[in-house]
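# What the coordinates show
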2 protein chains.
Amino acid sequence: MNHHGVNQTEDSLSLQQAMGRCCCTREATPSASHGSEERHVCGSKVDFVFPDVPFPSPRIFAATGEEALRLLVHRHHEYLLKSPIHYLFPPDKEALEKLVRRAADFVVEMCGGPRYYTSTRGEPRMRSRHFPTTIDERAREVWLICYRDALKEAGFPLPILEEFWNWIEPFSIRMVNRRTTWDPPRRVPFSSIQDAFAL
Amino acid sequence: MNHHGVNQTEDSLSLQQAMGRCCCTREATPSASHGSEERHVCGSKVDFVFPDVPFPSPRIFAATGEEALRLLVHRHHEYLLKSPIHYLFPPDKEALEKLVRRAADFVVEMCGGPRYYTSTRGEPRMRSRHFPTTIDERAREVWLICYRDALKEAGFPLPILEEFWNWIEPFSIRMVNRRTTWDPPRRVPFSSIQDAFAL
């Protein structure tokens, strides 16, 4: 029996030896490897996989029009400024208005509206553009919850809300650039927030 | 011709359409996708792969002994305190001494010495233990260069230096928890720093 109370075969011993010298995972179990003449390797791994981001279809813009999307983005930022991540946004009114205008340009275009964003700013490259700002898993969740609340006020039809959410939810994972846990960023499926939109 | 001046076939059009709605990569090219009725997906991807970490063999401890490894870790921290990442270390003398002692315990044990670290601290889980500290790609490179300088003074035989470096170099990539670029953390092969150890 090893210290996990498991019968140790030759196979599990060699696995445990390998893990005994693992530097980083939570499963690392320093043990029988000590003093061994073997060379142990902590194998290559990935942190997590950025999930697919299904972009919205133009039917969102067709259903909402431009002004409703701009209002949505405006409200989203009102919530953000009252949220625990308010410090990520510029205190200067003019800089903030510029940021909200650009964010609205992006949302309008991605939902099927005029090419306001790419014609003025070029390729979206949103992860790259967000690198200067430290965004951890928790900040992303706050950002999403602010969107949920802004969407609640938007009064869009449920299929439109769902399509929009199914875009921004995995999209927001791409912005995470500060990891504070081995756990991948938490998925927040539409079904888990749908009740917020009940009449 | 599309806006990159390339003849556009049906194949490249559909690729470009897919990329036209990509949210995050530098290659994203918003273009013909605009107004399309198709639903575009920015496919799942990984940030980068943590490379293998080959742990040192016990011959390092056998060659150097405990005191030389402890002195190495002590010198490493002297360089760190004079480096651009000095702010990552505790200003309090006692806290710093504790940190250096633990780091030395870890190095001694991983190189084949007594189980000082795991007997007092448990599983190494070094990535997890470093999550509270923001470590970006640049901080990791500074940390490595400080090790290069500390190793230079250690006077270990070249094969020992190489084996040690080939452990800490990929090991240090596991500690990176703040990404500031799509580029993976830069590899720093022993061959690129070997000249520092020339007699």
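Residues numbered from 1 in each chain as written. Chains lettered and ligands numbered in written order. Predicted model: local features only at pLDDT ≥ 70, side-chain atom pairs only at ≥ 80, totals over all residues. Heavy atoms only, no water.

Taking an unreviewed UniProt entry as the reference, chain A is identified by name as Group 2 truncated hemoglobin YjbI belonging to Methylacidimicrobium tartarophylax.

In this section: the overall build of chain A. Across its full length, chain A holds eight helices and four strands. Ordered by position in the sequence, the α and β elements of chain A form the string α-β-β-β-β-α-α-α-α-α-α-α. Expressed as a percentage of the 199 residues in chain A, the buried residues total 48%. Put simply, chain A shows about 9600 Å² of open surface, and 54% of that area lies on carbon and sulfur atoms. (Helix = DSSP H or I, 4+ residues; strand = E, 2+ residues; numbered from the N terminus. Buried < 20%, exposed > 50% of the residue type's maximum accessible area, 1.4 Å probe, protein only. Areas by Shrake-Rupley, 256 points an atom, 1.4 Å probe, with all protein chains shown as cover.)

Another aspect to go through is the packing of aromatic side chains. If you walk through the whole model with that rule in mind, you get 22 aromatic pairs over all chains. Seen from their ring centres, Tyr147(B) and Phe164(B) are 5.5 Å apart, and the 65 degrees between their planes marks the pair as edge-to-face. Of this pair, Tyr147(B) sits in helix H6 (residues 137-154) while Phe164(B) sits in helix H7 (residues 158-174), and the two are 17 residues apart along the sequence. Judged by its relative accessible area of 3%, Tyr147(B) is buried. Sitting over the face of the ring of Tyr79(A), Lys82(A) holds its NZ or CZ atom 5.1 Å from the ring centroid. (Phe/Tyr/Trp six-rings, centres within 6.5 Å; stacked < 30°, edge-to-face > 60°. Lys NZ or Arg CZ within 6 Å of the ring centre and 35° of its normal.)

A separate point is unusual backbone geometry. Note: most residues except glycine have negative phi, and most peptide bonds are trans. All names here are of chain A. Of note, the phi angle at Arg125 is positive, near 40 degrees, even though the residue is not glycine. Residue placement: Arg125 occurs in the loop between helix H4 (116-121) and helix H5 (126-130). Residue classification places Arg125 among the partly exposed residues on the basis of a relative accessible area of 27%.

Before going further, it helps to examine the pattern of salt bridges. As enumerated under the stated definition, the model contains 28 salt bridges over all chains in all. The residue Glu97(A) makes a salt bridge to Lys93(A) at a minimum N-O spacing of 3.1 Å. A residue pair is termed a helical-turn pair when its members lie 3 or 4 positions apart in one helix, as Glu97(A) and Lys93(A) do in helix H3 (residues 93-110) at four residues. A relative accessible area of 61% means that Lys93(A) is categorised as exposed. Here Arg186(A) ties to Glu141(A) by a salt bridge, and the two come within 3.2 Å at their closest N and O atoms. Placement of the pair is Arg186(A) in the loop between helix H7 (158-174) and helix H8 (190-193) and Glu141(A) in helix H6 (residues 137-154), with a sequence separation of 45 residues. With relative accessibility at 16%, the residue Glu141(A) sits in the buried group. Where salt bridges share partners, they join Asp47(A), Glu137(A), Arg179(A) and Arg127(B) into one cluster. (Salt bridge = Lys/Arg side-chain N within 4 Å of Asp/Glu carboxyl O.)

Residues and elements named next belong to chain B. Its location among the elements puts His74 in helix H2 (residues 59-81). Of the residues examined, His74 reaches a relative accessible area of 39% and is grouped as partly exposed. Separated by 30 residues in the primary sequence, His74 and Ala104 have C-alpha atoms spaced 7.7 Å apart.

This paragraph deals with empty space enclosed by the protein. Scanning the model with the defined rule gives four cavities of 30 Å³ or more in all. Approximately 100 Å³ is the volume attributed to the largest cavity. Lining the largest cavity are 14 residues, and of these Asp47(A), Arg179(A), Asp47(B), Phe48(B) and Arg179(B) lie nearest its centre. The residue makeup of the lining of the largest cavity, split by class, is six nonpolar, two polar and six charged. (1 Å grid on protein atoms, 1.4 Å probe; cavity = no way out; pocket = protein on both sides within 12 Å on 5 of 7 lines; lining within 4 Å. Points joined across faces, edges and corners; volume = space filled by probe spheres on them. Nonpolar A, V, L, I, M, F, W, Y, C, P; charged D, E, K, R; others polar.)

Each full turn of the α-helix corresponds to 3.6 residues, which orients residues three or four apart in the same direction. When the terminal C-alpha atoms of H7(B) are compared, their 25 Å separation across 17 residues agrees well with the 24 Å that a helix rising 1.5 Å per residue should span. Of all 17 residues that make up H7(B), 13 are buried, and the element is covered over most of its length. (Expected span 1.5 Å × (residues − 1).)

We now examine the packing of helix H2 (residues 59-81) of chain A against H6(A). All names here are of chain A. One way to put it is that H2 packs onto H6 with a least axis distance of 8 Å and a crossing angle of 135 degrees. As far as their axial angle goes, H6 and H2 are oblique. Between H2 and H6 lies a crossing whose hand is right-handed. In contact with Leu72, Val73, Arg75, His76, Tyr79 and Leu80 of H2, H6 contributes Trp143, Cys146, Tyr147, Asp149, Ala150, Leu151, Glu153 and Ala154. Here the contact of H2 with H6 is built from residues that sort into 10 nonpolar, one polar and three charged. (Axes fitted to C-alpha atoms, helices over the stretch in contact; angles between N-to-C directions. Parallel < 35°, antiparallel > 145°, perpendicular 65-115°, else oblique. Left-handed = near helix turned anticlockwise from the far one by under 90°. Contact = heavy atoms within 4.5 Å.)

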